[in-house]
Amino acid sequence: MLDDHAMSSVSTMTTPLPSMPEVHGVDRARFEAEILPANAPVILREVATGWPAVAKGHESPLVLAQYLAAMDNGRPVDALMTRPEEGGRLFFDATMAGFNYLHTKAPVSQVLEQVLRYAQFERAPAVVIQSAAIAHCLPEFKRDHVLSVLDESVEPRVWIGTATVTPAHFDESHNIAVCVAGRRRFTLFPPEQVANLYVGPLDHAPAGRPISLVDFANPDLDRFPRFRDALAHAQVADLQPGDAIYMPPLWWHHVQSQAKMNVLVNYWWAPPPSPGLATLIYATAALRSLPLAQRQAWRHLFEHYVFDAQPDDANHIPPERRSVLGAMSPEDHARLRKFLSERLAG
């Protein structure tokens with residue numbers, strides 16, 4: 001597991017990173033009138049303190065686990081497990097051909113048992129449920145856990161696990177993440193910092209999202225020197241149970257779950273259409289009508305990877321793993337066609 005020193009190393013390597021703005025007592029009207037139009041991340045303090053699951057978590061991890069297990073309908077969900085030596089970081093394996101975790105499917109109650117068992121040891125595997133649709137596995141949860149700032153039609157998803165680290169990545173949708181139990185640290189960067197985050201392969205990454213290759217707990221500034229510039233634009237959100245964070249589309253976020261048992265519920269909504277990199281026509285149809293702030297965020301990605309591309313942009317990725325960022329073989333083109341076909345169909 002990551003210790004407190006490792007967790008804070010990014011902040012202490014230069015100066016502490018600034019905390020992002022926060023609001024208290026926000027309601028739906030204020031959220032829609034002030035926060036959404038600002039297109040900037042913000043902490044929503046104590047927005048879910050009245051949730052029963054938050055109260056159960058304050059009693060103990062065991063009480064919360066029993067509460068959630070009682071709602072489990074037994075349907076399997078995606079679960080990831082890493083070896084103790086990985087420190088809970090969900091990442092590539094040494095070759096970057098695969099990943100450093102085992103992907104399995106199990107009911108929520110089974111994973112909760114693992115979390116409680118591993119919490120008894122200082123050095124243990126990490127296990128986490130990622131982005132499980134609550135309607136699929138814990139259908140009763142939504143009834144008593146309403147996020148007042150959003151319409152109830154927005155479906156929640158649950159994340160349950162030990163102390164884990166999700167490398168910096170972005171979502172295409174608006175996102176509110178609610179800390180139910182444990183502690184979460186989000187480190188955010190605006191979209192224009194893409195060039196300073198040393199992002200790995202675009203179509204081969206843990207959880208399917210391009211991620212930063214920088215280990216925030218021990219950044220290699222010789223290999224990733226521009227990461228210093230990214231840190232100059234970083235903001236941090238430390239969430240306690242009942243707190244939430246709002247993140248606009250395409251903002252990079254690195255997530256540390258810091259307790260021995262952590263539960264988070266998130267809401268994605270209003271996703272833009274797939275950007276469809278295959279053709280200019282599809283890109284125009286998909287992106288032209290988006291709000292100005294979202295078009296500007298996508299512009300930074302297109303400029304970095306297409307319009308302002310430099311020969312050394314992918315030097316931080318092994319040559320055999322660069323895919324569309326390097327020389328492609330016939331096999332690579334076939335795999336890319338399959339990848340695009342699946343994205344367009346989804």
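The structure displayed is predicted, hence computed values, not measured ones.

Caption draft 1: Focus on the sheet that holds strand E4 (residues 101–106). A sheet is described by the order of its strands in space; here nine strands give the open sequence E1-E2-E11-E8-E13-E6-E5-E3-E4, paired in mixed fashion. In this open sheet, the two edge strands, each paired with only one partner strand, are strand E1 (22–24) and E4. Shown here is a sheet whose adjacent strand axes are inclined to one another by a mean of 20°, direction ignored. Both strand E2 (residues 42–45) and strand E11 (residues 244–247) contribute to a ladder of three bridges, which runs antiparallel. Considered in E11, the bridge of Val 42 is made with Tyr 246.

Caption draft 2: Structural detail: the sheet that holds strand E12 (residues 252–257). Across the sheet, four strands lie side by side as E7-E12-E9-E10; this open sheet has antiparallel pairing. The sheet terminates laterally at strand E7 (164–169) and strand E10 (235–239), the two strands that pair on one side only. Taken pair by pair, the neighbouring strands of this sheet meet at an average axis angle of 10°, ignoring direction. Across six bridges, strand E9 (residues 184–189) lies against E12 in antiparallel orientation.

Caption draft 3: Inspection of the packing of aromatic side chains at higher detail. Applying the stated rule across the entire model yields 16 aromatic pairs. Taking 5.8 Å as the distance between ring centres and 90° as the angle between the ring planes, the aromatic pair formed by Phe 189 and Phe 216 counts as edge-to-face. Note that Phe 189 is positioned in strand E9 and Phe 216 in the loop between E9 and helix H8 (227–231), a separation of 27 residues in sequence. As far as the burial class goes, Phe 189 and Phe 216 line up, both buried. Every member of this aromatic cluster is reached through a ring pair, and the members are Phe 170, Trp 252, Trp 298, Phe 302 and Phe 307. If you follow Arg 89 out to its NZ or CZ, it ends over the ring of Phe 91, 3.8 Å from the centre.

Caption draft 4: A look at the side chain of Asp 171. Mapped onto the elements of the fold, Asp 171 is located in the loop between E7 and strand E8 (174–181). Among buried Asp, Glu, Lys and Arg side chains, Asp 171 stands out as unpaired, with Arg 209 the closest opposite charge at 4.3 Å. Here Asp 171 is in contact with Arg 209, Pro 249, Leu 250, Trp 251, His 253 and Trp 268, once residues within four sequence places are set aside.

Caption draft 5: Quick peek at the nonpolar core. In terms of nonpolar packing, the biggest core is built from 49 residues, with Phe 31, Leu 44, Trp 51 and Ile 176 touching the most fellow members. Element by element, the count of residues in this core is highest for helix H5 (residues 108–118), at five residues. In contact with Trp 51, other than residues within four places in its own chain, are Phe 141, His 145, Val 146, Leu 147, Val 178, Val 180, Val 265 and Tyr 267. Counting 33 residues, the second-largest nonpolar core is a separate cluster that includes Met 96, Ala 168, Val 236 and Trp 298.

Caption draft 6: Structural detail: the packing of helix H3 (residues 52–59) against helix H4 (residues 61–69). Running from amino to carboxyl end, H3 crosses H4 at an angle of 145°, the nearest separation of the two axes being 5 Å. Mapping the contact onto sequence places Pro 52, Ala 53, Lys 56, Gly 57 and Glu 59 in H3 and Pro 61, Val 63, Leu 64 and Tyr 67 in H4. In terms of residue class, the contact of H3 with H4 is built from six nonpolar, one polar and two charged.

Caption draft 7: Quick look at the packing of H4 against H5. Contact pair H4 / H5: the axes reach a minimum separation of 9 Å and the direction vectors enclose 170°. By the angle class used here, H4 and H5 are roughly antiparallel. Contacts between H4 and H5 involve Pro 61, Leu 62, Ala 65, Leu 68 and Ala 69 from the first element and Ser 109, Leu 112 and Leu 116 from the second. Its residues assigned to classes, the contact of H4 with H5 comprises seven nonpolar, one polar and no charged.

Quick notes on the rules
Residues numbered from 1 in each chain as written. Predicted model: local features only at pLDDT ≥ 70, side-chain atom pairs only at ≥ 80, totals over all residues. Heavy atoms only, no water. Pairing = 2+ DSSP bridges. Helix = DSSP H or I, 4+ residues; strand = E, 2+ residues; numbered from the N terminus. Axes fitted to C-alpha atoms, helices over the stretch in contact; angles between N-to-C directions. Phe/Tyr/Trp six-rings, centres within 6.5 Å; stacked < 30°, edge-to-face > 60°. Buried < 20%, exposed > 50% of the residue type's maximum accessible area, 1.4 Å probe, protein only. Lys NZ or Arg CZ within 6 Å of the ring centre and 35° of its normal. Lys, Arg positive; Asp, Glu negative; His and termini not counted. Salt bridge = Lys/Arg side-chain N within 4 Å of Asp/Glu carboxyl O. Contact = heavy atoms within 4.5 Å. Core = buried A, V, L, I, M, F, W, Y, C linked by side-chain atoms within 4.5 Å. Nonpolar A, V, L, I, M, F, W, Y, C, P; charged D, E, K, R; others polar. Parallel < 35°, antiparallel > 145°, perpendicular 65-115°, else oblique.

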